[in-house]
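The lines below spell out each chain.
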Amino acid sequence: MEEIKDHFGRTFKTLRISLINTCNLACTYCSYSNDDDQKNNAVNKGNNLKTKELTDLIIRLHERLNLGSIRFTGGEPLLYKELPALIEGVRKLGITDLNLTTNGLLLQKQASALKAAGLTAINVSLDATDPLTFFMMARRHGLEQTLKGIDAALHAGITVKINSVIMKGLNENQVIPLLKYAADQQLIIRFLEIMAMGHLHGKADDYFFSQAEILKLISTRHRFTPVQRTKSATANYWQTEAGHIFGIIANESQPFCTDCDRLRLDAYGNIYGCLSSNQPISIRDISDPALLDLSLKEALKQKQTIKFTGSKLSMLHIGG
Ligand SMILES: Nc1nc2c(ncn2[C@@H]2O[C@H](COP(=O)(O)OP(=O)(O)OP(=O)(O)O)[C@@H](O)[C@H]2O)c(=O)[nH]1
Ligand SMILES: C[S@@+](CC[C@H](N)C(=O)[O-])C[C@H]1O[C@@H](n2cnc3c(N)ncnc32)[C@H](O)[C@@H]1O
Ligand code: SF4
Ligand code: SF4
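Below is a summary of the structure that appears in this document. No experiment lies behind these values; they were computed from the predicted model shown.

Let's talk about the overall build of the protein
1) Next: Looking only at helices and strands, the protein has nine helices and 12 strands in total.
2) Next: A globule of 320 residues ought to have a C-alpha radius of gyration of about 20 Å, and the protein, at 19 Å, matches this closely.
3) Next: On the principal axes, the C-alpha backbone points of the protein span a range of 55 × 40 × 40 Å.
4) Next: For the protein, the proportion of its 320 residues judged to be buried stands at 55%.
5) Next: Taking contacts inside the protein between residues at least 6 apart in sequence as the whole, the part at least 24 apart equals 73%.
6) Next: Put simply, the protein shows about 14,500 Å² of open surface, and 52% of that area lies on carbon and sulfur atoms.
7) Next: The protein carries 37 positive and 32 negative side-chain charges, and their two centres are separated by 1 Å.

Shown next, in the form of C-alpha cells:
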C-alpha cells in the first residue's frame, strides 16, 4: 500500500493520544482559569471514546501507518482509569515504544502498574522546584506529590525526563534550580518556550522567554556543547562539562516542523495533523479504509511548513 506522505516527505509515525481533556492542575499557560474547564468546547462533541473503541482506532491507524511510537497525554492522562489496560492492549499490537506525558501528581500510586503494563518512558512536567512558584504556575499545590511521583517512576525502572515551561516574569528564576534538580537525579530536562495556545493566543509574547535567554542563564553556571539532533525530535540538546544533558523545545526560535511525524488523536475520536490546527477530523465512525486514507491525507495537509502558528485551542483541549 502506498505510504501517506506530503511533498516534504513527511508522514505519520508517532501517534499522540489525548486520553482525557480534564486535569487536576490548572497551569496558567494551559488552563483558562482556576476552574477552567470547558470554556473552549470546540472539540467537546459527543462522548469520550471507551477503551475498546480507542484500541480499535489505534489498531486501524497502526495497520495503515505502521506506527513507531505512541505517547499518551491529555489533559492529565493519569486520570484515565484504564490506562494500564490500554497500554497492555497496545503493546500486544507490537508497538513497544509507549510513552506518557504527565504532571506526575498521581504517579506515585500508578508507576508500578504502568511499568508492568509495558510503558517505556515518562515525561513529567515540572515548572519549579520552589513550592510557591509551583503553585503560581499550576494554580494548585503539588510539588511534593510530583517529586514523589518521579521517584516512584524511577524506582519502578521507568525512564523519566522533565519538561519545564519557562515564562518570563514568572519562573525564569527556576531554570538553574530545575537544572540542578535534574542533574542531581541524573535526569534529562527540557525547557519549553511558551506557545501561543488557548487563552495565550495572541498574548504569549508578554511571557516569552527564548532559547537564547535560557542558554544565557545556564551559561552563567555551566559550559556546554550541542548534541546532534535526532530526526523528528521536538528538542535541541546540549551536554554540560559534567556530562548532564539538557534540552530546549524552541517552538518559536528554532522550529522543528520540517521533519514532523506526529499525528494527534483526541478523546472523542478526532485526529489533527498539527498542533496549530483548530479543525478536528472525526474518524470515530469511519470503517471504510479508503475514507480513513482520505482523513489522514486531510490531516497531513494541516502540518505547517515552517513553524507552529498558534492555536485557539489550549493544550488541555487538543492534547499536549
Ligand atoms: N510545535 C509542536 N510542539 C510539540 C509537538 N509535540 C510536542 N511539542 C512540544 O513539546 C512539548 C513536550 O512534549 P512531550 O509530550 O514531552 O513530547 P516529546 O517532546 O515529543 O517527547 P520525547 O519523544 O520524549 O522527546 C510539548 O509541550 C510542546 O511544547 C508538536 O507536534 N508540535
Ligand atoms: C498539555 S500537557 C498534558 C500532559 C500533562 N497534563 C502534563 O502537564 O504533562 C503536555 C505538555 O504541554 C505543555 N504545555 C501546555 N501548554 C503549553 C503552552 N502554552 N506552551 C508550552 N507548553 C505547554 C505542558 O507543560 C506539558 O509539558
Ligand atoms: S499543562 Fe498538563 S497539568 Fe497543566 S493544566 Fe495543562 S494538562 Fe493540566
Ligand atoms: S506545529 Fe505542526 S507541523 Fe510543526 S512540529 Fe508541531 S505538529 Fe508538527
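Things to note about the packing of helix H2 (residues 83-91) against helix H3 (residues 107-117)
1) Next: Where H2 meets H3, the closest approach of the two axes is 8 Å, and the angle between their N-to-C directions is 15 degrees. Looking at the two axes, H2 sits roughly parallel to H3. Both H2 and H3 take part in a crossing whose hand is right-handed. Judged by residue contacts, Leu-83, Pro-84, Ile-87, Glu-88 and Arg-91 of H2 engage Ala-113, Leu-114, Ala-116 and Ala-117 from H3.
2) Next: Each residue belonging to the contact of H2 with H3 can be placed in one class, and the counts come to seven nonpolar, no polar and two charged.

Here we look at the pairing of strand E9 (residues 245-249)
1) Next: Within E9, four of the five residues are buried, leaving the element largely enclosed by the surrounding structure.
2) Next: Here strand E6 (residues 188-193) runs beside E9; their pairing, made up of four bridges, is parallel. Residue pairing across strands places Leu-192 opposite Ile-249, the latter belonging to E9.
3) Next: Bridge count between strand E8 (residues 236-240) and E9: four bridges; the pairing is antiparallel. Among the inter-strand pairings, Asn-236 is bridged to a residue of E9, identified as Ile-248.
4) Next: Between E8 and E9, which pair antiparallel in sequence order, lie four residues; one of them, Gly-243, sits at a positive phi of approximately 95 degrees.

Conventions and cut-offs
Residues numbered from 1 in each chain as written. Chains lettered and ligands numbered in written order. Predicted model: local features only at pLDDT ≥ 70, side-chain atom pairs only at ≥ 80, totals over all residues. Heavy atoms only, no water. Helix = DSSP H or I, 4+ residues; strand = E, 2+ residues; numbered from the N terminus. Rg over C-alpha atoms; globule rule 2.2 N^0.38 Å. Buried < 20%, exposed > 50% of the residue type's maximum accessible area, 1.4 Å probe, protein only. Contact = heavy atoms within 4.5 Å. Areas by Shrake-Rupley, 256 points an atom, 1.4 Å probe, with all protein chains shown as cover. Lys, Arg positive; Asp, Glu negative; His and termini not counted. Charge placed at Lys NZ, Arg CZ, Asp CG, Glu CD. Axes fitted to C-alpha atoms, helices over the stretch in contact; angles between N-to-C directions. Parallel < 35°, antiparallel > 145°, perpendicular 65-115°, else oblique. Left-handed = near helix turned anticlockwise from the far one by under 90°. Nonpolar A, V, L, I, M, F, W, Y, C, P; charged D, E, K, R; others polar. Pairing = 2+ DSSP bridges.

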